[in-house]
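In case you want the letters, here they are:
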Amino acid sequence: METLFANKNKIDSSENSIVIYDNQDKSLYKAEEIRNKIILGDALDVLRKIESDLFDMVFIDPPYFLQLQKKKLKRWNVKTDVEGVFDEWDKFSSFEEYDDFIQSILKGVKRVMKENATIWVIGTYHNIFRIGKIMQDLGFWILNDVIWVKNNPMPNWLGVRFTNATETLIWAVKDKKVKKYTFNKELAKQFGIGKIGANVWQIPICSGKERIRDKDGNKIHSTQKPIELIKRVILTTTKEGDLILDPMAGTGTTGYVAKMLNRDFTMIERKPEYIEAIIRRFNR
Ligand SMILES: C[S@@+](CC[C@H](N)C(=O)[O-])C[C@H]1O[C@@H](n2cnc3c(N)ncnc32)[C@H](O)[C@@H]1O
């Protein structure tokens, strides 16, 4: 735990701060205490302490478990480095460990969802099939999968397989009986391809000014999601004033877009560096 909070002095934790430090003494988080707050802590611990039936929508962008071993991947043609996801937070010792982690997160999240809430989980072929199975085993009822097609994907630099240009979002309710969930069909039609608004969204990956960088120009986070993607998720499946949970916030895209669209949020993130980036992003 010490390393987790090593540079906590940099983050304002006063009563008016947007950040709450989770700690062992805390046993219950009430709704108003965590509305529009980022909780610095482990989602597995924090979720257990949040009061039940609270959130209108949950968005989860979990580790992918990409299993990338090498620190440096070279492009086959120009021999320059590829920026992949080599982060510690993406490492698990086995599929079993990864599945246990996802299952615990999903169980925790299910309890804090309101009766008619919906949940989105995003992933790639590395993890999304496992997540879909775990969700179904836990009783979640899948409403759709939405395919995000990246207009500008990273090419397969080794040239040994197709360029992977998609991510999949699973959209679900807590169980089959739930019928009165929010779905703004006119917006869904507008965003999805074709006249009927099919479940395919074409959006570029996060780049340019939107990408959060440190003072040397390096990306702060390897998997920052585009604002446009989260905007579509929020607009199609929530109402103004709704409370949205993101238990693995990264650079805080979910909360940032929620506020832009007059929704409220609670975010959880384990890495203080990312929380600092979120604060800078909100102050910008
Ligand atoms: C795929 S990234 C999310 C990126 C985010 N959607 C964005 O737009 O920046 C996953 C995040 O989950 C965080 N994370 C992983 N395990 C966690 C845990 N147990 N509790 C809280 N955060 C966790 C990682 O630190 C990482 O920032």
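Structure first, text after, so check above.
Here the structure is a predicted model, which is why all the values come from computation and not from measurement.

J.: Lay out helix α3 (residues 95-112) with the relevant residues and their values.
T.: Spanning 18 residues, α3 covers 26 Å between terminal C-alpha atoms, matching the ideal 26 Å at 1.5 Å per step. Buried within α3 we find Tyr-98, Phe-101, Ile-102, Ile-105, Leu-106, Gly-108, Val-109 and Val-112. Down the axis of α3, the smallest arc covering the buried residues is 165 degrees, so these residues share one side. The inward-facing, buried residues of α3 contact α2 (43-49), β3 (55-60), β6 (113-123), α4 (128-137) and β10 (243-246).

J.: An account of the site of the ligand is requested, with residue identities and associated values reported.
T.: Around the ligand sit 22 residues in total, of which Ala-43, Asp-61, Thr-251, Thr-253 and Glu-269 are the nearest. With respect to the ligand, the side chain of Thr-251 contributes an N or O atom lying 2.6 Å from an oxygen atom. Here a nitrogen atom of the ligand and a backbone polar atom of Arg-270 are 3.4 Å apart. Summarising the interface, the protein chains cover 99% of the accessible area of the ligand, which totals 600 Å² for the free molecule.

J.: I'd love a proper account of the pairing of strand β8 (residues 166-173), names of residues and values included.
T.: Counting buried residues along β8, 7 of its 8 residues qualify, which places the element largely inside the surrounding structure. Pairing geometry for β6 and β8, over 6 bridges, is antiparallel. Looking at β8, one finds that Val-121 is bridged to Ile-170. Direction of pairing for strand β7 (residues 141-150) relative to β8: antiparallel, over a ladder of 8 bridges. When the sheet's bridge partners are listed, Asn-144 is paired in β8 with Trp-171.

J.: Now, about the side chain of Asp-242: what can you tell me, with residues and values included?
T.: Turning to its location among the elements, Asp-242 is positioned in the loop between α6 (227-237) and β10. The buried charged residue Asp-242 lacks any salt bridge partner; its closest oppositely charged side chain belongs to Lys-239, at an N-O distance of 4.7 Å. Polar contacts involving the side chain of Asp-242 include one to the main-chain amide nitrogen of Lys-239, which spans 2.8 Å. Excluding its chain neighbours within four sequence positions, the residues that come into contact with Asp-242 are Asp-56, Arg-263 and Asp-264.

J.: Explain the pattern of salt bridges to me, using residue names and the numbers behind them.
T.: The final tally for this structure, using the stated rule, is 18 salt bridges. Close ionic contact of Lys-133 with Asp-137 constitutes a salt bridge, the shortest N to O distance being 2.5 Å. Residue Lys-133 and its partner Asp-137 are located together in helix α4, separated by 4 residues, close to a single helical turn. Summarising the burial analysis for this pair, Lys-133 and Asp-137 share the class exposed. Between Lys-189 and Glu-186 there is a salt bridge, and its shortest N-O distance comes to 4.0 Å. Here Glu-186 and Lys-189 lie together in helix α5 (residues 185-191), a separation of 3 residues that amounts to about one turn. Here the salt bridges share partners, and the residues they tie into one network are Glu-32, Arg-35, Lys-259 and Asp-264.

J.: Lay out unusual backbone geometry with the relevant residues and their values.
T.: Positioned with a positive phi, Asn-36 is a non-glycine residue whose angle comes to about 60 degrees. Along the chain, Asn-36 turns up in the loop between α1 (31-34) and β2 (37-40). What makes Asn-36 partly exposed here is its relative accessible area of 22%. Residues other than glycine seldom take positive phi values, yet Phe-65 does so here, at roughly 55 degrees. As for its position among the elements, Phe-65 is in the loop between β3 and β4 (73-74). Using a relative accessible area of 5% as the deciding quantity, one classes Phe-65 as buried.

J.: Before we move on, could you go through the packing of α3 against α4 and cite the residues and values that matter?
T.: At a minimum axis separation of 10 Å, α3 and α4 run at an interaxial angle of 50 degrees. Classed by the angle they form, the pair α3 and α4 counts as oblique. Considering only the axes of α3 and α4, their crossing is right-handed. Between α3, through Phe-95, Tyr-98, Asp-99, Ile-102, Gln-103 and Leu-106, and α4, the contact on the second element is made entirely by Arg-130, Ile-131, Ile-134 and Met-135. Residues belonging to the contact of α3 with α4 are distributed by class as follows: 7 nonpolar, 1 polar and 2 charged.

J.: So what's going on with the packing of aromatic side chains? Residues and values would help.
T.: Evaluated as defined, the whole model comprises 11 aromatic pairs. Summarising the aromatic geometry, the rings of Phe-65 and Tyr-98 are spaced 5.5 Å apart at their centres and angled 25 degrees between planes, so their arrangement reads as stacked. Remark: Tyr-98 occurs in helix α3 and Phe-65 occurs in the loop between β3 and β4; sequence separation between them is 33 residues. Ring pairs connect the aromatic residues Phe-65, Phe-92, Phe-95, Tyr-98 and Phe-101, which therefore count as one cluster.

Rules used throughout
- Residues numbered from 1 in each chain as written.
- Predicted model: local features only at pLDDT ≥ 70, side-chain atom pairs only at ≥ 80, totals over all residues.
- Heavy atoms only, no water.
- Helix = DSSP H or I, 4+ residues; strand = E, 2+ residues; numbered from the N terminus.
- Expected span 1.5 Å × (residues − 1).
- Buried < 20%, exposed > 50% of the residue type's maximum accessible area, 1.4 Å probe, protein only.
- Arc of directions from axis to C-beta.
- Contact = heavy atoms within 4.5 Å.
- Near = heavy atom within 4 Å.
- Polar contact = N/O pair within 3.5 Å; in protein donor to acceptor, adjacent residues only side chain to side chain.
- Areas by Shrake-Rupley, 256 points an atom, 1.4 Å probe, with all protein chains shown as cover.
- Pairing = 2+ DSSP bridges.
- Lys, Arg positive; Asp, Glu negative; His and termini not counted.
- Salt bridge = Lys/Arg side-chain N within 4 Å of Asp/Glu carboxyl O.
- Axes fitted to C-alpha atoms, helices over the stretch in contact; angles between N-to-C directions.
- Parallel < 35°, antiparallel > 145°, perpendicular 65-115°, else oblique.
- Left-handed = near helix turned anticlockwise from the far one by under 90°.
- Nonpolar A, V, L, I, M, F, W, Y, C, P; charged D, E, K, R; others polar.
- Phe/Tyr/Trp six-rings, centres within 6.5 Å; stacked < 30°, edge-to-face > 60°.

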